[in-house]
Amino acid sequence: MNRRPTRSKGVNGTLTATTEEAPREADLAFDRLYRSSRDDVYAYVASLVRDQAAAEEVTATAFERAYRKRCRFDPGRGEPRAWLFGIARNAALDELRRRGRQAELVADPADLVSTPAYESAEASERRLALAAGLARLEPRERELIALKFFAGLANAEIAAVVGVSESNAGTKLHRAVTKLREACDGAL
Amino acid sequence: MEPFRDDNELIAELRALRPEPSQEFSAELDERAAAGFPRRSSRPDSPLTAPIARLRELSPRRLAFSGGAVALATIAIATVVVANGGSKSDPGGYLSPLRPSERPSALSHSEHRDGNQGAAEQSSGTQYEAEPPVVGATSAPSAGTAASQVDTGPYASKAGNRNVERSAEMVLGAEPADVASDAAAVFDAVHAVDGIVLSSSVRGGAEGEAGASFDLLIPSAKLSDALAAFSAIDTVVTRHEATDDITAPTVRTGEQLRDSRARIDGLLVQLAGADSDEERAAVEAELRAERRHAAALRSEAAKLGRRANLSRVSLRIETGAAATPADENGANWGIDDALGDAGHILAIAAAVTIVGLAIVGPLALIALLAWLANRARVRRGRERALA
């Protein structure tokens, strides 16, 4: 459970390769991207939509969209993971928009946080305090935390996903962590 | 309970909070990945769903290639259609360079007029000289007599209210043995349309030497019939036709003639009321001058009438190499013609492209603006959803 999210490896090759090789090479590259990013995408999406069923639906939609667009990926415009997370972000935000138009769903952040049975009461309490602090963050701050620590993206990739400069992404991330720590310290 | 010692401890704890997908979901997603992520849409597929999905899957480069190929094919097809349409409406269509017999070629106007003047001299005293037939017919439809004379005369030929002078040149190819019979057929055809043979020459001999030439006046109204009859006599090698609108000089001469007649009438009245011999002599002198002027105008009007009513046709019958139509041996079709035709085809293609852009451009611009507006709306909505 305490698995540290690892940065994906070996998916930095182009998804498209050349036009002639495109179908096969793109399929293989996409398969590698899928295998290395499946859980990361789910973690990121779940932290955005904060609902397990919706997170599964959005994750599946994101991969479906990415698969359809795999031949249109331009490696000159960024990393494949940043491209994939950009698609996942749009899918998640579309889901949030849909929710906004329909009935407001009440998501319970605790649903997404599992606490191992063997943990001590203190550790469990700290984790719940952290989850509560996370829930109190602004959605944009929570998104940065999720991209960095749940999905394991580098600052440059985060910048590409949210559409800011790399230094700006680092600054915002630092502020979010500081704010989260303050929130947790206050609770503990 | 102790707070976090440092950021590293917080981050480590944070990573432990990472949401993990359920095993069922992971397995299901893996299956879908293996199957190429089939669509899950519950909406019924329309006939356009599959093509649109295929288009969306194309890379931009392939899409550009496909779009370019479709555009080129469209331009090529439209060019062929337009060019063929043009060749039908225009007998001298540029896509039929090997059919010069159908291509109109303007004759020299000075040559033409000289010829007609000659014709007028040779045919002086015939019925065509009797009355200036077309004066005032165009600009003054109510001019009555003159107009009705033109429209009902034996050689009335005007298309609408215009006075048009027409001429033609034709070369027929024949075997030496057929020259005499072809020449006879030419005479018959001329007589059949009430035409006039101004001059003719028939030469016998071997191939290349034998031949005939005719200088003809054909009633303009029957020119097409006459040319069709000539074409049926033997192989048409070349056929050139030309037209010249002489409405303006005809109208001007008619107006001047009416003015002159009015002045003559006035002078006659003045003469009748003259009180002295000196006055009478002066009016008579003026009357003579005006009558000369009126005569000159009538002559000019008659010439113009003949030019409109009678078409000059130059017809030759050739034997030997000159009797071979260009489209049979291609000898007369060279680099210049090829370049000309290529230039013309390119011009048509450019015109088709411009017209196509004029039609498609605004539509594409509207579609682009709509797409950009929708994209901006969706982006704003997404950003608001996160706020």
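Residues numbered from 1 in each chain as written. Chains lettered and ligands numbered in written order. Predicted model: local features only at pLDDT ≥ 70, side-chain atom pairs only at ≥ 80, totals over all residues.

1. Describing the overall build of chain B
Secondary structure assignment for chain B yields 12 helices and five strands. Looking at chain B as a whole, 24% of its 387 residues qualify as buried. Summarising the internal contacts of chain B: among those between residues at least 6 apart in sequence, 77% fall at separations of at least 24. (Helix = DSSP H or I, 4+ residues; strand = E, 2+ residues; numbered from the N terminus. Buried ≥ 20, exposed ≤ 12 C-beta atoms within 10 Å, placed from the backbone. Contact = placed C-beta atoms within 7 Å.)

2. Digging into the overall build of chain A
Summing up its helical and strand segments, chain A has eight helices and zero strands in all. Along chain A, from the amino end to the carboxyl end, the secondary structure elements read α-α-α-α-α-α-α-α. The proportion of buried residues among the 188 residues of chain A is 43%. Taking the intrachain contacts of chain A between residues at least 6 apart in sequence as the baseline, contacts between residues at least 24 apart amount to 66%.

3. Notes on the interface of chain A and chain B
Taken together, the contact pairs 47 residues of chain A with 34 residues of chain B. Looking at the side of chain A that touches chain B, the element that brings in the most residues is helix α1 (residues 22-49) of chain A, giving eight residues. Looking at the side of chain A that touches chain B residue by residue, the classes come out as 24 nonpolar, six polar and 17 charged. (Nonpolar A, V, L, I, M, F, W, Y, C, P; charged D, E, K, R; others polar.)

4. Observations concerning helix α2 (residues 52-68) of chain A
All names here are of chain A. Helix length check: α2, at 17 residues, gives a terminal C-alpha distance of 24 Å against a target of 24 Å (1.5 Å per residue), a fit within 8%. Among the 17 residues that make up α2, 12 are buried, leaving the element largely enclosed by the rest of the structure. Those residues of α2 lying buried are A54, A55, E56, V58, T59, A60, T61, A62, F63, E64, A66 and Y67. (Expected span 1.5 Å × (residues − 1).)

5. As for the nonpolar core
Membership of the largest hydrophobic core comes to 59 residues, with the highest contact counts inside it found for A:Y44, A:V45 and A:A88. Among the secondary structure elements, those contributing two or more residues to this core are α1, α2, α3 (80-101), α5 (121-136), α6 (139-150), α7 (155-162) and α8 (166-187) of chain A together with α1 (7-16) of chain B. Among the elements that make up this core, the one with the highest residue count is α1(A) (13 residues). Taken domain by domain, the makeup of this core includes at least three residues from each of domain 1 (14-105) and domain 2 (118-188) of chain A. (Core = buried A, V, L, I, M, F, W, Y, C linked by C-beta atoms within 7 Å. Domains from an automatic or database assignment.)

6. A word on the pairing of strand β1 (residues 164-173) of chain B
Regular strands place their side chains on alternate faces of the sheet. Residue and element names in this part refer to chain B. For β1, a buried count of eight out of 10 residues is recorded, marking the element as mostly surrounded by other parts of the structure. Alignment of β1 against strand β4 (residues 235-245), held across 10 bridges, turns out to be antiparallel. Bridge assignment links R166 to a residue of β4, and that residue is T243. As paired strands, β1 and strand β5 (residues 310-318) are joined by seven bridges and run parallel to one another. Across the sheet, residue M170 finds its bridge partner in β5, namely L315. (Pairing = 2+ DSSP bridges.)

7. A short note on unusual backbone geometry
Of note, A:R50 is a non-glycine position whose phi angle comes to about 55°, a positive value. Residue A:R50 is classed as buried on the basis of its 22 C-beta neighbours within 10 Å. Here B:F37, not a glycine, exhibits a phi torsion of approximately 45°, which is positive. One can find B:F37 in the loop between α2 (23-34) and α3 (49-57).

8. With respect to the sheet that holds strand β2 (residues 196-203) of chain B
Residues and elements named next belong to chain B. Taken in spatial order, the five strands line up as β2-β3-β5-β1-β4 in an open sheet, and their pairing is mixed. Two strands lie at the open edges of the sheet, namely β2 and β4, each paired on one side alone. Direction aside, neighbouring strands of the sheet carry axes that sit 10° apart on average. Most of the contacts of helix α8 (residues 223-233) go to β1, to which it runs at about 5°, and overall it touches β1, β3 (211-219), β4 and β5. (Axes fitted to C-alpha atoms, helices over the stretch in contact; angles between N-to-C directions.)

9. Looking at the environment of A:R97
Inspection of the secondary structure assignment puts A:R97 in helix α3. A residue is classified by how many C-beta atoms lie within 10 Å of it, and A:R97, with 16 of them, is partly exposed. Discounting chain neighbours no more than four positions away, the residues touching A:R97 are B:G381, B:R382 and B:A385.

10. Some points on the packing of α2(A) against α2(B)
Between α2(A) and α2(B), whose axes approach to 11 Å, the crossing angle comes to 20°. Relative to α2(B), α2(A) is oriented roughly parallel. Of the two possible hands of crossing, α2(A) and α2(B) adopt the one that is right-handed. For the pair α2(A) and α2(B), contact is made by A:E56, A:A60 and A:F63 and by B:F25, B:L29, B:R32 and B:A33, respectively. Broken down by class, the residue content of the contact of α2(A) with α2(B) amounts to five nonpolar, no polar and two charged. (Parallel < 35°, antiparallel > 145°, perpendicular 65-115°, else oblique. Left-handed = near helix turned anticlockwise from the far one by under 90°.)

Nothing here speaks to function; it is all geometry.
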